[in-house]
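Listed below, chain by chain, are the residues.
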Amino acid sequence: MDLVYTTMLIYVGINVLGLVWTAGIIQFGVPEQLSIQNRPHKWSVLLDRLPLVLLNQAILMSIVWTSLTLFGDIFTMAIPGLGLLALQIGIIVLLDDAWFYGWHRLMHEHKGLYNRVHRIHHKAYAPLPIEYIYVHPLEWMVGAIGPFLGLITVLLLWGSVPAWTLWGYLLVRNLHELDIHSGIISPLGKLMPIYAPAEHHDLHHSKPTKGNYASTFELWDRVLGTYW
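All of these numbers come straight from a predicted model, not from anything done at the bench.

Enquirer: Before we move on, can you summarise the side chain of Q37 with the specific residues and values?
Expert: By the secondary structure assignment, Q37 is in the loop between α1 (3–28) and α2 (43–71). A polar contact of 3.1 Å, which involves the side chain of Q37, links it to the side chain of R39. What Q37 contacts, discounting residues up to four positions off in sequence, is Y125, A126, D202 and S206.

Right, dumping it as structure tokens:
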């Protein structure tokens, strides 16, 4: 399997899923017993926001393509054992989420950053899956430092990064982003106590000045006093 093409295929596939999922919610709605917020969604709003979504995806894919082409030597195609794969993905997700929490909280607590950068994302009071990337480009570029730190940590600990670890991380992180922006009640919060379900992030969108800054783990909000 080719590192660059497989990574691009995974990313494109996830975002196609996000668009289809979003279109389904707009067209058919969400059953009342599964919906977190009872707010209608309009095609006109999605079409208005789609240019920024596509711009961000194009920039991101270009950066990933270039980075993997230039620094692909740090990756190995060897398939790690399931235990090692889970451990490495867990390290990347944990460091990524810690960085995200700090950056996300700063954008809310710094009025200039919020008004000039983060406010765009919060136009989505009741978000749709693909709106996870409806953000100012600076927001996700700074946020991308988190997974970079995670990949560097794996590299330092094991001497290389299995491509399967990268692919697993992309699936876990991006599918989670689609989930927490879907407005659909998630059963995972009850099964995984520190996991941040869709309700956690959806509440943050509906009342953005209150807290709930973490993305994947509620741990940061609970420990640092921003959980509600």
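Enquirer: Give a detailed account of a nonpolar patch on the surface, specifying residues and quantitative values.
Expert: On the surface, W99, I145, F148, L149, I152 and L156 cluster together into a nonpolar patch covering about 550 Å² of accessible area. With 5 residues, the single largest contributor to the nonpolar patch is helix α6 (residues 145–158). Here L149 shows up in helix α6.

Enquirer: Just give me the short version of the packing of α1 against helix α7 (residues 163–180), but keep the residues and values in it.
Expert: Relative orientation of the contacting elements α1 and α7 amounts to 10°, with a least axis distance of 10 Å. If you check the angle between α1 and α7, you find them roughly parallel. Considering how the two elements wind past one another, α1 and α7 form a crossing that is right-handed. Residues L3, T6, T7, I10, Y11, I14, L17, G18 and W21 of α1 form the contact with α7, whose participating residues are A163, L166, W167, L170, L171, N174, L175, L178 and D179. Class assignment for the residues of the contact of α1 with α7 results in 13 nonpolar, 4 polar and 1 charged.

Enquirer: I'd like a rundown of the layout of surface pockets, residues and numbers included.
Expert: Quantified by volume, the largest pocket comes out at close to 1,100 Å³. Forming the boundary of the largest pocket are 42 residues, of which L60, V64, A144, P147 and Y169 lie nearest the centre. For the lining of the largest pocket, the secondary structure elements donating two or more residues are α1, α2, α3 (82–109), α5 (137–143), α6 and α7. Residue composition of the lining of the largest pocket, grouped by class: 28 nonpolar, 10 polar and 4 charged.

Cut-off values and rules
Residues numbered from 1 in each chain as written. Predicted model: local features only at pLDDT ≥ 70, side-chain atom pairs only at ≥ 80, totals over all residues. Heavy atoms only, no water. Helix = DSSP H or I, 4+ residues; strand = E, 2+ residues; numbered from the N terminus. Polar contact = N/O pair within 3.5 Å; in protein donor to acceptor, adjacent residues only side chain to side chain. Contact = heavy atoms within 4.5 Å. Patch = residues over 30% accessible without salt bridge, like charges linked within 9 Å, V, L, I, M, F, W, Y side chains within 5 Å. Areas by Shrake-Rupley, 256 points an atom, 1.4 Å probe, with all protein chains shown as cover. Salt bridge = Lys/Arg side-chain N within 4 Å of Asp/Glu carboxyl O. Axes fitted to C-alpha atoms, helices over the stretch in contact; angles between N-to-C directions. Parallel < 35°, antiparallel > 145°, perpendicular 65-115°, else oblique. Left-handed = near helix turned anticlockwise from the far one by under 90°. Nonpolar A, V, L, I, M, F, W, Y, C, P; charged D, E, K, R; others polar. 1 Å grid on protein atoms, 1.4 Å probe; cavity = no way out; pocket = protein on both sides within 12 Å on 5 of 7 lines; lining within 4 Å. Points joined across faces, edges and corners; volume = space filled by probe spheres on them.

Read these as layout, nothing more, since geometry by itself doesn't imply function.
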